[in-house]
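# Close look at the chain arrangement
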Amino acid sequence: VNGKALEVDETQKLLIRYGSGSDAMIFAGFVDDTVKEGVRRYWKIRRVSEQRQFFQRADERVKVTLRVEYSQDTWALNEDGEIPKEDGMTLDVSAGGAAIFMNRRFDVGEIVELDLPRVGTSAQGQALVEVGNVCWVREAPKGSMYRLLCGLQFRFADPSEKEQLQDYLTNVKEKYKL
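Presented here is a report on the structure given in the accompanying data block. (Residues numbered from 1 in each chain as written. Predicted model: local features only at pLDDT ≥ 70, side-chain atom pairs only at ≥ 80, totals over all residues. Heavy atoms only, no water.)

Here the focus is the overall build of the chain. Each helix and strand in the chain was counted, giving one helix and nine strands. When the helices and strands of the chain are read in sequence order from the N terminus, they spell out β-β-β-β-β-β-β-β-β-α. For the chain, the residues scored as buried account for 29% of the 178 residues in total. For the chain, the share of sequence-separated contacts (at least 6 apart) that also reach a separation of at least 24 residues comes to 52%. Carbon and sulfur atoms provide 47% of the accessible area of the chain, an area that totals close to 12300 Å². (Helix = DSSP H or I, 4+ residues; strand = E, 2+ residues; numbered from the N terminus. Buried < 20%, exposed > 50% of the residue type's maximum accessible area, 1.4 Å probe, protein only. Contact = heavy atoms within 4.5 Å. Areas by Shrake-Rupley, 256 points an atom, 1.4 Å probe, with all protein chains shown as cover.)

Put into structure tokens, the structure is as follows:
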């Protein structure tokens, strides 16, 4: 792009959209190799057969690693009469959802309660509890502290809850200079 070579991590999936309107075609794949022919370089892409839907994100993703806790109301109570929480870590967070590293497998559609930690001393950085639907679950990359990566889409009772999360994310970006 702009005369510079575009680098792609070979483990990242590419989602390529071509065409416009109702004629738009979409396919996903991984870069297997870079092939050089004369002065040009091409990516050799291994196509993935799964169907993908293309959509634009409504909320900015903040790539931040936060230690979080998660639980479900359906879990058995511990000896103190409380629902136990498990540890996880964010890959990214937005006002619409989050990608979370975790060790427990959930089914798509299940409801998960996510505890976001306090960040800084301002009121906008106070700890939050968010509820989300599981959208997808994947194996975590090798060498990760966790076995799985889970995508959550947050559910809000009213618009003020989403605004509170947006303020939290603004605070996170300022605090960590993201």
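On to the pattern of salt bridges, then. Across all of its chains, the model carries eight salt bridges by this definition. In this structure, Glu 86 engages Arg 104 in a salt bridge whose closest nitrogen and oxygen atoms are separated by 2.6 Å. Taken together, the residues Glu 86 in strand E5 (residues 86-93) and Arg 104 in the loop between strand E6 (97-102) and strand E7 (111-116) connect sequence positions 18 residues apart. Classification of Arg 104 as partly exposed rests on a relative accessible area of 32%. (Salt bridge = Lys/Arg side-chain N within 4 Å of Asp/Glu carboxyl O.)

A few words on the sheet that holds strand E1 (residues 13-18). Taken together, the three strands give an open sheet; going across it, the order is E1-E2-E3, and neighbouring strands pair in antiparallel fashion. At either margin of the open sheet sits one strand with a lone partner, and together these are E1 and strand E3 (40-48). Along the sheet, successive strands turn relative to each other by an average axial angle of 55°, direction set aside. Where E1 lies against strand E2 (residues 25-37), six bridges are found, and the strand directions are antiparallel. Across the sheet, the residue bridging to Arg 17 is Ile 26, located in E2. (Pairing = 2+ DSSP bridges. Axes fitted to C-alpha atoms, helices over the stretch in contact; angles between N-to-C directions.)

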